Amino acid sequence: MSGGGCSIVWFRRDLRVEDNPALAAGVRAGAVVAVFVWAPEEEGHYYPGRVSRWWLKQSLAHLDSSLRSLGTSLVTKRSTDSVSTLLEVVKSTGATQLLFNHLYDPLSLVRDHRAKEILTAQGITVRSFNADLLYEPWDVNDAQGRPFTTFDTFWERCLSMPFDPEAPLLPPKRIVSGDVSRCPSVTLVFEDESEKGSNALLARAWSPGWSNADRALTTFINGPLIEYSMNRRKADSATTSFLSPHLHFGEVSVRKVFHLVRIKQVLWANEGNKAGEESVNLFIKSIGLREYSRYLSFNHPYTHERPLLGHLKFFPWAVDEGYFKAWRQGRTGYPLVDAGMRELWAAGWLHDRIRVVVASFFVKVLQLPWRWGMKYFWDTLLDADLESDALGWQYITGTLPDSREFDRIDNPQFEGYKFDPNGEYVRRWLPELARLPTEWIHHPWNAPESVLQAAGIELGSNYPLPIVGIDAAKVRLEEALSEMWQQEAASRAAIENGTEEGLGDSSESAPIAFPEDILMEENHEPVRNNPPATNRRYEDQMVPSMTSSFLRIEDEETSSDVRNSTGDGRAEVPRDVNVNQEPRRDALNQGFVQTVRNNTALSQFNILRGLTNVEDSTAESSSSSRRERDGGIVPVWSPPTSSYSEQFVGDDSGIGATSSYLQRHPQSHQIINWRRLSQTG
DNA sequence: TCTATTTTATG
DNA sequence: ATAAAATAG
């Protein structure tokens, strides 16, 4: 063992000193060098958005000051290759081991595996730990030892595991610092000048950093938690935990959340407080969804870019940049949707219910490709999280076995009265509707002219008419579905005739490019009620390139509407928003020509394909995973070696529903079978 | 108390 | 959409 040696503790999305198994192991073993490597280029398309980078910056500063008070500091490095940077850190500090906590997104799985291989080959001990989940994904299986494919079954199993989640660890009392005299920190740049103004507002609403996360947790547990079951779906009040960004960056451990919340539950159960007990169940269910997102990502590493069920493979998604823009700007004509999109832009945060509303509207009413929406969330959310967002969008889109029905359209008007019965939420974020009576606030298009006039609203002018009618959307959805079956039938026939061999991979070979519009829109036309004829594409879309999101972020900062609205999701109604001020998010990029190419997506695909041939055994990982905290020797950790994606959409077969996965979920094909019968029959 | 009707929840 | 739960009669 490395008694007395120096350990590198590699911080990533575990920016805390409390309940941090990697840090604890390092402290136990001797001296510690804490390192953070900023290598955003490694994230490919998923270069973090402006607000997310703002959070990271604050959180790292917070961690550094905590580490300093304990006797060391955080070494920060800029890199385009984390693994080789780690190797340099090891060499320059004379460290003998590398410690880190697990991540489950596909890029981290590959990168961390590589880190283990390369450093181990250099004679470095590499150990990794579970710090992000109640249970490691490979520990949660059904009676046949297979991974679950629905959330309910998964979560039921988690809650009845034969062993409890690990109890949280206390922070170290003191850290002996390794020798970093030859390993200088580099000052990391997370925001440019143009971003600082917008970011300044964020600090009013949010306090990143692990001890603030801890405080937020306590506040929630002692406050809103007990009434969570009653209040959790109110779009407008501070009744949720507001922990999501803290959890994303690992500032607070889910195990600690789980334990503290469970203690409350026992307490309330003893008092006979049924509502309180139920509140805890509902709250930990949302923790469970976060767990499940990692579980899915681990078992099916394509979750963030490909539908898990292939039954919508031939759905003709609308490739309509006008719709997309109207949605982003909150000018769809549906107040609840628009309020949500304005809040997202201004505050970087949305209530879970509102995320569902705007995403559902995006996919079902506008019929835009879900990955565009997911990418926009990625760019704008403070708690942007690849696994959670992929789960959310796939759930909404209907590509999970336990998704919503695909052909069910939710009406934002009715949802408005459900989640925002008094219209307060709409009035806060859509000041142009502030004077409209509650009776009409969620459907202004029905309001009598006199009411509109009294409220100072001119539909189509200072607030849009609905961009698409719900009935029209239903008709369009029907048409799109029948088109989908024709395409599917044609594809089937072609394959049977042998005309098209080994194709059916169209989602990879011809993705729908991300719209250039988001980069260089410069026409300030108001959104028309009758949009131009909509393009349809059969392929699933491709995620925008890292470059595009980066550029867009820069110029978004010039947007004047941001400065005028409040940065606080819980703030008062912004009085100073100029109604006529159109968001000008993309003004600077008018000359920019997008250079998105498919090859990034493909090379990432190939990396993952290669991974399936890696030698490590899953069994080995699972057997030892539970003893990691005891300092047991940790085997090289890697995803399952068997073809872990074949259960879902076949790489080559798409709708070819012979996979065991679909056999286990026959209802997933319900729409298709029923419709095809009514069509061809 | 039982049944019809309305509301709510749905990962 | 649909089923379960709450409420009205």
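Residues numbered from 1 in each chain as written. Chains lettered and ligands numbered in written order. Predicted model: local features only at pLDDT ≥ 70, side-chain atom pairs only at ≥ 80, totals over all residues. Heavy atoms only, no water.

Naming follows an unreviewed UniProt entry, where chain A appears as Blue light photoreceptor of Populus alba x Populus x berolinensis.

Bringing the sheet that holds strand β5 (residues 125–129) into the picture now. One open sheet accounts for five strands, arranged β3-β2-β1-β4-β5; its pairing is parallel. Two strands in the sheet have a free side with no partner beyond their single neighbour: β3 (74–78) and β5. Averaged over all pairs of adjacent strands, the angle between strand axes in this sheet comes to 25°, irrespective of strand direction. By the bridge criterion, five bridges tie strand β2 (residues 31–38) to β3 in an arrangement that is parallel. What sits directly across from V37, in β3, is K77. Each of β1 (6–11), β2 and β3 is contacted by helix α2 (residues 50–70), which is oriented at about 170° to β2, the strand it contacts most. (Pairing = 2+ DSSP bridges. Helix = DSSP H or I, 4+ residues; strand = E, 2+ residues; numbered from the N terminus. Axes fitted to C-alpha atoms, helices over the stretch in contact; angles between N-to-C directions. Contact = heavy atoms within 4.5 Å.)

Here the focus is the UniProt feature "binding site: FAD" (unreviewed entry) in chain A. Residues annotated by UniProt as "binding site: FAD" (unreviewed entry) correspond here to Y228, T240, S241, F242, L243, S244, F283, D383, A384 and D385. In summary, the annotated positions, distributed over 158 residues, remain apart in three dimensions as well, the widest C-alpha pair reaching 23.2 Å. With relative accessibility at 13%, the residue T240 sits in the buried group. Sequence-distant contacts of T240, defined by excluding residues within four places in its chain, comprise F220, Y228, R232, W349 and H351. Examined against the element boundaries, A384 turns out to sit in the loop between α15 (370–380) and α16 (386–397). Take A384: its relative accessible area is 0%, and that puts it in the buried class. Once residues lying within four places of it in the same chain are set aside, the contact partners of A384 are H248, F377, W378 and D389. (UniProt positions renumbered as here; feature names shortened; annotations may be inferred. Buried < 20%, exposed > 50% of the residue type's maximum accessible area, 1.4 Å probe, protein only.)

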